[in-house]
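# Structural characterization, general
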Amino acid sequence: MKKLELIYEGKAKRVYRTEDEDFYVMEFKDDATAFNGQKRGTIKGKGELNTKISAVFFEILEENGVKTHFERLLSDREMLVKAVKILPLEVIVRNLAAGSMAKRLGLQEGTKLKSPVLEFCYKSDELGDPMINAYHALAMDLATKEEIAFIEETSFKVNEILSQFLIKKNIILVDFKLEFGRFKGEILVADEISPDTCRFWDAKTMEKLDKDRFRRDLGNVEEAYKEILSRIKS
Ligand code: UDP
């Protein structure tokens with residue numbers, strides 16, 4: 001499929017229009033940012049690794065009845081995706097307290113949560129993606145009531161599917177962020193699912209195998225992303 005003009009460039013990805021209005025090409029970059037763009041850098045090979053890792057996760061979700069925007073891989077860092085209209089919502093699901101939740105609620109990082117937590121954030125770079133609840137999403141007309149119910153149900157389902165898959169690879173799915181898009185009357189899981197958007201801990205050593213290695217200057221960032229790809233491919 002031929003790549004036409006660039007329609008979106010974000011921190012980690014570019015999206016291009018194609019000859020077919022139903023499809024976009026999503027291209028993954030090596031650039032990494034954290035703390036709302038305040039920390040910048042590149043992680044060698046990240047674009048390629050996140051392309052492959054996301055493809056594996058999207059395929060697993062599809063096999064388990066969750067619809068995603070993923071069509072197929074086009075190259076080492078490009079995938080063909082359905083031309084969804086992304087909802088201005090980030091959905092975070094958490095199994096263990098970490099990152100902003102641990103900080104906000106004074107929980108020790110790694111505290112097991114009695115039940116999974118779902119949070120919504122309003123996608124806005126200027127505002128730093130503030131946390132909102134379903135009432136805000138409805139009041140701000142970010143999604144309909146039916147869409148919100150579907151998104152919540154689907155996000156918990158994604159958590160079940162990916163947690164169960166990953167634990168067999170000795171990886172704990174600590175938390176993750178999903179984005180959803182509208183496409184022909186349906187809501188699809190969109191964007192990416194990768195070490196940039198998930199927290200993955202080694203189940204034995206609790207070693208961090210995700211973007212926290214970059215955020216917190218822990219070193220071996222590229223190696224951690226490679227380790228995730230090799231474990232989920234095995
Ligand atoms: N996350 C993300 N994009 C964001 C914010 C969070 O992909 O803009 C992911 C993050 O990688 C983690 C989860 O969502 O897996 C929860 O992140 P948290 O709220 O703890 O924020 P952070 O500690 O990343 O600031």
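These figures come from a predicted structure and were not determined experimentally. (Residues numbered from 1 in each chain as written. Predicted model: local features only at pLDDT ≥ 70, side-chain atom pairs only at ≥ 80, totals over all residues. Heavy atoms only, no water.)

## Some remarks on the sheet that holds strand β6 (residues 70-75)
The criterion, for reference: Here, strands pair whenever DSSP counts at least two bridges between them. The secondary structure listing takes helices from DSSP runs of H or I that are at least 4 residues long and strands from runs of E that are at least 2 residues long, numbered from the N terminus. Throughout, an axis means a line fitted to C-alpha atoms (over the contacting stretch in the case of helices), and angles, computed between N-to-C directions, take values from 0 to 180 degrees. A contact between two residues is defined here by any heavy atoms of the two lying within 4.5 Å.
Across the sheet, which stays open at both edges, the five strands sit in the order β1-β2-β3-β7-β6 with antiparallel pairing between neighbours. This sheet does not close on itself; its edge strands, each paired only once, are β1 (3-9) and β6. Averaged over all pairs of adjacent strands, the angle between their axes in this sheet comes to 30 degrees, without regard to strand direction. Inspection of the sheet shows strand β2 (residues 13-18) paired to strand β3 (residues 23-28) by five bridges, in the antiparallel sense. The residue bridging R17 from the neighbouring strand is Y24, located in β3. Strands in contact with helix α1 (residues 46-63) are β3, β6 and β7 (78-82); relative to β6, the strand with the most contacts, it is inclined by about 150 degrees.

## Side note on the pattern of salt bridges
Put simply, the rule is: Criterion for a salt bridge: a side-chain nitrogen of Lys or Arg within 4 Å of a carboxyl oxygen of Asp or Glu. Here the term buried applies to any residue with accessible area under 20% of the maximum for its type, exposed to any over 50%, and partly exposed to those in between, with areas from a 1.4 Å probe on protein chains only.
Applying the stated criterion across every chain, the model contains 34 salt bridges. For D202, the salt bridge is made with R231, and the minimal N-O distance between the two is 2.7 Å. Remark: R231 occurs in helix α6 (residues 221-233) and D202 occurs in strand β14 (residues 198-202); sequence separation between them is 29 residues. Each of the two residues, D202 as well as R231, counts as buried. Taking the shortest distance from any N to any O, the salt bridge between R213 and E207 comes out at 3.8 Å. With relative accessibility at 39%, the residue E207 sits in the partly exposed group. Through salt bridges with shared partners, a single ionic network connects R94, E109, E119, D175, R199, K208, D212, R215 and R216.

Honestly, that's just the spatial picture; any functional story needs more than this.
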